[in-house]
Amino acid sequence: MMGIIQKDLPNNTDLPIIIVGSGFGGIGMGIQLKKAGIDSFIIIERENEIGGTWRDNTYPGVACDVPSYVYSFSFEPNPNWSRMFAEGPEIQDYLLHCVDKHNLRKHMQFNTAILKASYDDFSGVWTLLTDQGEQLQARVVISAVGGLVDPALPNIAGIDSYKGEIFHTARWNHAASLKDKKVAVIGTGCSAVQVIPHIAEEVSELTVFQRTAAWVLPKYDAVISEKTKTLFSKWPILQKTVRGTLKWGSEALGPFLILDSEKLSSVFEWAARRNLKKGIKNTDLRESLTPNFQFGCKRMIISSDYYPTLEKEHVSLETSGIEKFVKGGIVAKDGTQFDFDAVILATGFDLGLTSAPFEVTGAAGRSLDEAWKDGAVAYKGVTVSGFPNWFSIMGPNTGPGHTSVIIYTEAQINYIVQAVQHIQENDLKSVDVKQAIQDDYNEGLQNRMQYTVWTSGSCNSWYLNADGSNHALYPGFAHEYTARIRTFDPIEYKVCVNEGISDKPVLEAVV
Ligand code: N01
């Protein structure tokens, strides 16, 4: 050990853990910290309520496209899901229930956005500057800001000149009535496919602007009977079995959705073509809706009402592309001008998984943006070398292409709890993943990535960076990822004891 000046520092228990974000990640983290007997944490939330995605996405038809029994915490099962694929408000209620049950509200600080976080090499303390002008200090920071949060607004000429209603699906304007209005939807991703059938029921005309046709599978949704709910309440093991079956079922289908194999992809392509044929009778329309990329390259979509809606008389599909917005509507690339009362942007999100959530400065004054200039990397998606005691939930390369993201989130939470326990029990100043360990992990991961359908070059998607690399998804099975992240191993970390303020930066004062 070298160069330690004995000065009094607050011990670890005096320094709170700061969790940024109160969506699934932040809430799950709070619950598991409490279960581990750790109560000294604050959850900082920029909005005025918890819920993240499920607070923000309130568009008509919003629902989960992963079965609820597996899109929920295994440690907080809900026997009362009303349907197989719960709708948005029910998922938000579930999260509110989790917060109340575990008394998390007393840990929350709402209406506070973090602007900057910086690490002090000497004290090993993170300082977070908020938009309220506060400076919060923490030994450990857990970034749970989510990946699909900030709406991506399209860069279309003249968009500011349009004078009608215009809003994004994730910022639905409930004050704007669409009843008997001429409405456009731009985009045909998961959000669009959910919203289109719902608004089609009330608008007078609906025009859907499609840039890329998507593969759509039928949605096998079902209402859950009261008898089933009672059974699950009385015998939680039954619900656990259903969760396990869903989880292992999706794992079995994983290779068909992950690997760059035309043979494997053709199985789902066949099912999606069948769904298209069944849903769309008009052959020209069917042709326009036939995708030209390998199944799985973009996130698959499930819906049983999207295609039938497109065949309704007052609904049309526009595929010639958008030239520009004008005051009264949109001019398509083929010159056709459309007048609209309202335009709905279902244009997706700026991916937050692979960029710094705000200005983050780690050890030796290096910024996270600098560390990630060639693409976001982390060890197991959670820790980043040179950013001691900084943990991410849903960080780089942790998204699934075939199953519930909550399985991955829970595994990360469990790993972070162990790391925090290790820091607290050993009164450590910091743990910082070794660069070589992180590099090895990511080299292996990116090697595997070349065999995935996501980087096959057959499509463009939000999974990919501008250079075509994928820093969003995990190129493997969920059970394999969760096994890899099951145990926090301090040997993989540079560990620094908390003996006072070091006269050397933490990175040098390693034991
Ligand atoms: O966004 P997207 P999303 N001009 O990026 C089009 C999750 N999710 O909000 O394909 C014209 O998928 C774009 O066209 P193209 C889920 O993980 C989950 O629908 O790029 N069109 C595309 O059609 C999902 O993957 C649930 O050519 C433009 C669409 O807009 C993720 O969120 C529900 C355009 C964007 O599709 C994102 O889904 C909803 C432009 N300038 C979402 N810019 C669940 O049920 C973009 N597009 C859990």
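For clarity, every value in this text was computed on a predicted model and none was experimentally measured.

### A short note on the pattern of salt bridges
In step 1: Within this structure, the stated rule accounts for 17 salt bridges.
In step 2: For Glu45, the salt bridge identified is with Arg55, shortest N-O distance 3.1 Å. In this pair, Glu45 sits in the loop between β2 (41-44) and α2 (53-56) while Arg55 sits in helix α2, placing the two residues 10 residues apart along the sequence. In terms of burial, Glu45 and Arg55 fall into one category: buried.
In step 3: Between Arg55 and Asp56 there is a salt bridge, and its shortest N-O distance comes to 2.8 Å. Of the two residues, Arg55 and Asp56, both sit in the buried class.
In step 4: Via salt bridges that share partners, Glu45, Arg55, Asp56 and Arg171 belong to a single interconnected network.

### Digging into the site of the ligand
In step 1: If you check the shell around the ligand, you find 22 residues, and the closest are Ala63, Ser191, Thr212, Lys298 and Trp462.
In step 2: One of the backbone N or O atoms of Ala63 is found 2.7 Å from an oxygen atom in the ligand.
In step 3: Considered on its own, the ligand offers 910 Å² of accessible surface; in the complex 83% of this is hidden by protein.
In step 4: When residues in the shell around the ligand are grouped by element, the largest group, three residues, is from helix α4 (residues 190-200).
In step 5: Of the residues contributing to the shell around the ligand, the split by class is 10 nonpolar, eight polar and four charged.
In step 6: Both domains that meet at the shell around the ligand, namely domain 1 (17-149 + 351-510) and domain 2 (159-223 + 229-345), each give it at least three residues.

### Looking at the state of the cysteines
In step 1: Within this structure, the stated rule accounts for one disulfide.
In step 2: Paired by a disulfide, Cys297 and Cys459 hold their sulfur atoms 2.1 Å apart. Looking along the S-S bond of the Cys297-Cys459 disulfide, the torsion reads about -90 degrees, which is the left-handed sense. Taken together, the positions of Cys297 in the loop between α8 (283-288) and β13 (301-302) and Cys459 in the loop between α12 (435-449) and α13 (478-484) put the pair 162 residues apart, joining distant regions of the chain.
In step 3: Note on Cys459: relative accessible area 13%, which makes it buried.
In step 4: Not engaged in a disulfide, the cysteine Cys98 finds its nearest cysteine sulfur in Cys64; these two sulfurs lie 14 Å apart.

### Thoughts on α4
In step 1: Within α4, nine of the 11 residues are buried, which leaves the element mostly enclosed by the surrounding structure.
In step 2: Listed as buried for α4 are Ser191, Ala192, Val193, Gln194, Val195, Ile196, Pro197, Ile199 and Ala200.
In step 3: Residues of α4 that are buried sit in contact with β10 (182-186), β11 (205-209), β13, α9 (306-310), β14 (315-318) and β18 (342-345).

### Notes on the nonpolar core
A general feature of soluble globular proteins is that nonpolar side chains tend to end up buried together.
In step 1: Among the nonpolar cores identified, the biggest contains 117 residues, and Ile199 and Leu206 are the most heavily contacted of them.
In step 2: Viewed by domain, this core spans two of them, domain 1 (17-149 + 351-510) and domain 2 (159-223 + 229-345), each represented by three or more residues.
In step 3: Ranked by size, the runner-up nonpolar core spans 22 residues in total, among them Tyr119, Val141, Ala356 and Ala378.

### Considering the domain arrangement of the protein
In step 1: What the domain assignment lists for the protein is domain 1 (17-149 + 351-510) and domain 2 (159-223 + 229-345).
In step 2: Its C-alpha centre places domain 1 at a distance of 29 Å from the equivalent point of domain 2.
In step 3: Residue-level contacts link 46 residues of domain 1 with 42 residues of domain 2.
In step 4: The interface formed by domain 1 and domain 2 contains four salt bridges.
In step 5: Glu410 is paired through a salt bridge with Arg243; the nearest N and O atoms lie 3.7 Å apart.
In step 6: At the junction of domain 1 and domain 2, the tally comes to 22 residue pairs in polar contact (both at pLDDT 80 or more).
In step 7: Class assignment for the residues of the side of domain 1 that touches domain 2 results in 24 nonpolar, 18 polar and four charged.

Analysis parameters
- Residues numbered from 1 in each chain as written.
- Predicted model: local features only at pLDDT ≥ 70, side-chain atom pairs only at ≥ 80, totals over all residues.
- Heavy atoms only, no water.
- Salt bridge = Lys/Arg side-chain N within 4 Å of Asp/Glu carboxyl O.
- Helix = DSSP H or I, 4+ residues; strand = E, 2+ residues; numbered from the N terminus.
- Buried < 20%, exposed > 50% of the residue type's maximum accessible area, 1.4 Å probe, protein only.
- Near = heavy atom within 4 Å.
- Polar contact = N/O pair within 3.5 Å; in protein donor to acceptor, adjacent residues only side chain to side chain.
- Areas by Shrake-Rupley, 256 points an atom, 1.4 Å probe, with all protein chains shown as cover.
- Nonpolar A, V, L, I, M, F, W, Y, C, P; charged D, E, K, R; others polar.
- Domains from an automatic or database assignment.
- Disulfide = S-S within 2.5 Å.
- Contact = heavy atoms within 4.5 Å.
- Core = buried A, V, L, I, M, F, W, Y, C linked by side-chain atoms within 4.5 Å.

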